[in-house]
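# Chain and residue survey
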Amino acid sequence: MTTLTAPAPRLRLGRFRDLTLVPVIVLLLIVGAFLDPIFLTTGNLTNVLQQQASISLLVLAEAMILISGKFDLSLESTVGMAPALAVMLVIPATAGGFGLGLPGMLVIPLCLLVGAAIGAVNGFLIIKFQLSAFIVTLAMQIIVHGLQLGPTEGKTLFELPESMLYLGSATWLGLPASVWIAGVLFVAGMVGLGYFRVGRSLYAIGGNSDAARAAGIRVDRVLWGVFILGGMLAALAGVLETGRLGAVGSGQGVGWIFMVFAAAVIGGVSMDGGKGTILGALTGVLVIGLVQNILTLKGVSGFWQPVVYGFIILVALMISRVAGGKAQD
Amino acid sequence: MKTHVEARNVVKRFGSTVALNGASIAIAEGETHALLGRNGAGKSTLVSILTGLQRPDAGEVLFSGEAAPALADRDAWRRQVACVYQKPTIIPTLTVAENLFLNRQTDSGMIKWRALRARARELLATYEVDVDAEALTGDLDVEQRQLVEIARALSFGARFIILDEPTARLDGPAIERLFVRMRALREQGVTMMYISHHLDEVYEICQSVTVFRDARHVLTRPVADLPHDDLVTAMTGEATVAYESRTRTPGEKVVLSSAGLTLAGRYQDVDLSVRSGEVVGLAGSASSGKVGVAETLVGLRKADSGTVVVNGARVKPGDVPAALKAGLGFVPEDRHHEGFVPLLSVGENATIPIARRLGRFGTVSPAKRRGKAVQLIKELDIKTEGPDQPVGDLSGGNAQKVVFARALVDDPAALVVINPTAGVDVKAKQALLGAVEDAVERGAGAVVVSDELDDLRICDRVLVMFHGRIVKDVPRGWTDHELVAVMEGIQP
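Going by an unreviewed UniProt entry, chain A carries the name Sugar ABC transporter permease and comes from Nonomuraea cavernae. Under the UniProt heading Subcellular location (unreviewed entry), the entry covering chain A gives this text: "Cell membrane".

Written out as structure tokens, the structure is:
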């Protein structure tokens, strides 16, 4: 046993696991180009990116939460509720607000604060109170959405402060600001989870939380931070979406969570925790965005599109089952 | 000799249960000290207190005469004591390198992966661990994973290591390699606390022994001054004799047989036949294919070719229900995965195979089930609050008895048990072996697959497998040395 075999340098498939969807993306680009001449234009592809910018932030948040071995269904409600509440705090009562007279500049900080508060409540119930993450965030999804419907009485908020509209509608260096923001946050996520101790601790917690605790990782604190960060990202996604559409509707964000899970899971993030990368999650978002775009360009009815998305998820699962070889729970 | 580690009058309560009641232990510098006790004696609690994972309600822990660090200061603890826990404390989804430096990948700033891998390779080389630093830890086998944990434990500079049942999941040669390593560490002056259910290992590797019973310290003695029987008496609190296997005359009827069983890469041409009233052992190293053969007999695996006949009926390969219907009972290798459903009650777990006879039209009569369960609990002496207690709450030995109850509930003609006494204490071990012999006296034929020579002593003959083939049929009356020599392929 004293022999020490030097590890032979060999191709590690594991390193490329994040990139399994890249061929799929290339394939979609080729197929799209053949199907419709408009598809491969800068304008259309920019459009794809902009449409996916806000949902991609939710995927980023969900990927981090899933990697830490937890679950959050309430993110989608935060997308609508956080901007709605923040806007109501600053606009006059005549426009449907609370009439508190707070300066309009505060609307984005307020919005992020609301998102952070929702994440903190989730964290409290799941970590301190030790409730099931699935049920807690399911309840929170319903409550948070209700907290948007209640004060607005289901109405859409149209009169928004200027600062709320800016990020979702501005263009920086030829690309929509929202694409830049999402891009920067994804890079930060990749670096954070790939090269920093606190980021790596998410993998340790999701992989074996007892072992993480024994290694001196402050498991509760990290998890709580992840939930709060998740809530803030969802609130920011709400800001971008509000800016893009120019209003906060009562249905903003509703139903997104399924696509978010789909993107994360086909991007290789495990529902059991401890596995997956932010880059993988990003490729998942892009695949869904491209498919969506192609279907829309080809005039496939929005009512039929969910069938296609469902199939994409199943096919992606089957591919990863065959490639990974292990049975999935 | 100087005392290296000491726990004084430690008390620890969990709700109404007292896990440690004024227990003490003192371990001298440089010795390998065994901690023994039956399940529930307080060993695991002492480990978590000595490693700083739990705070004692009363009492103190001293390292080299100085008070233990504060509970929150994990790094200080890890410089004092390293532990290879019973449950793996590695993250299966991360690489070996990252596991070795978990939560200390870097002092500050960004992680330099290349440097980290180099440090990991260096560390593995220092402790002569032949494992690829870039492999995923989840892909390693049990022995490699344990070596990684030992290397990590030592890398903090601790001079005291706790090994909590390290041999429970290792096979013979791997245990030997572990012992070689432990002796080398001892020569370097490392103090060790060794926990095991195997008394012969304690005699082989330890210098002194402490016994805990019912949350209290019972004795501490040099191993050499303590005869085997006295040790068992100290653990159980009563004089127990070593298990005496019974003699019997096997009948004529063949209840379980196989012909030409072959599964590529695991075993070839396995022919065996078990008569009614006979216990046949199946021995061999981990790679011998013995578990594979047993799992094929019960239908958990499907052989490439060959046949299995249970009680005169040829059974469809790879079909567990068919094997059970033909009159087979079995105890699987890993009771936690295949043996029981932890959240279901003792009664329900034990009666799963006969559920169809406990009521009509697919219903199960709770009263009938309860009745049968109470009878089984009594027969197998299962320590439980009653048939309604979930099996997950029971100790290892009692949970295994429930698995036995399930195997025996239908009075099987043939019984296949795999590692029946893994991780259970002395008394439970005897009860389980007794249960096999009882079933055989009622006319069943049994196959016992085990890594434990003690389990194989109840067998009328032992078939030894080596590299997937049955190489020898050893009749009763073998010595340890003889059997091990055949198992290791040293002697044909």
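Moving on: the environment of B:R461. Residue and element names in this part refer to chain B. Looking at the secondary structure, you find R461 in strand 19 (residues 461-466). Judged by the 18 C-beta atoms lying within 10 Å of it, R461 is partly exposed. As for R461 and D200, which are separated by 261 residues in sequence, their C-alpha atoms are 23 Å apart. Those residues within four positions of R461 in sequence are excluded, and the remaining contacts are V280, D473, V474, P475 and R476.

Right, let's get into the pairing of strand 17 (residues 414-418) of chain B. Residues and elements named next belong to chain B. Most of strand 17 is tucked away, with five of its five residues classed as buried. Residues A414, V416 and I418 of strand 17 are buried on one face, and the alternating residues L415 and V417, pointing to the opposite face, are buried as well. Examined bridge by bridge, strand 16 (residues 328-331) and strand 17 share four bridges and lie parallel to one another. Looking at the pairing, F330 lines up with V416 of strand 17. Here five bridges tie strand 17 to strand 18 (residues 445-449), and the two strands are oriented parallel to one another. Opposite I418, over in strand 18, you have V449 as the bridge partner. Between the parallel elements strand 17 and strand 18, the chain passes through helix 15 (residues 426-441) in a crossover that is right-handed.

Turning our attention to the packing of helix 2 (residues 42-67) of chain A against helix 11 (residues 256-266) of chain A. Residues and elements named next belong to chain A. Two elements in contact, helix 2 and helix 11, have axes separated by 9 Å at closest approach and are oriented at 60°. It follows that helix 2 is oblique to helix 11 by the angle criterion. Viewed along their axes, helix 2 and helix 11 form a crossing whose handedness is right-handed. Mapping the contact onto sequence places I55, L58, V59, E62, A63 and L66 in helix 2 and W256, M259, V260, F261, A263 and A264 in helix 11. Of the residues belonging to the contact of helix 2 with helix 11, the class tally is 11 nonpolar, no polar and one charged.

Time to look at the pairing of strand 2 (residues 17-28) of chain B. Residues and elements named next belong to chain B. Bridging between strand 1 (residues 3-14) and strand 2 involves nine bridges; their strand directions are antiparallel. From the neighbouring strand, R13 faces strand 2, where its bridge partner is V18. Between the antiparallel neighbours strand 1 and strand 2 lie two residues, among them G15 with a positive phi of about 60°.

About the criteria used
Residues numbered from 1 in each chain as written. Chains lettered and ligands numbered in written order. Predicted model: local features only at pLDDT ≥ 70, side-chain atom pairs only at ≥ 80, totals over all residues. UniProt positions renumbered as here; feature names shortened; annotations may be inferred. Helix = DSSP H or I, 4+ residues; strand = E, 2+ residues; numbered from the N terminus. Buried ≥ 20, exposed ≤ 12 C-beta atoms within 10 Å, placed from the backbone. Contact = placed C-beta atoms within 7 Å. Pairing = 2+ DSSP bridges. Right-handed = clockwise from strand over helix to strand, strands pointing away. Axes fitted to C-alpha atoms, helices over the stretch in contact; angles between N-to-C directions. Parallel < 35°, antiparallel > 145°, perpendicular 65-115°, else oblique. Left-handed = near helix turned anticlockwise from the far one by under 90°. Nonpolar A, V, L, I, M, F, W, Y, C, P; charged D, E, K, R; others polar.

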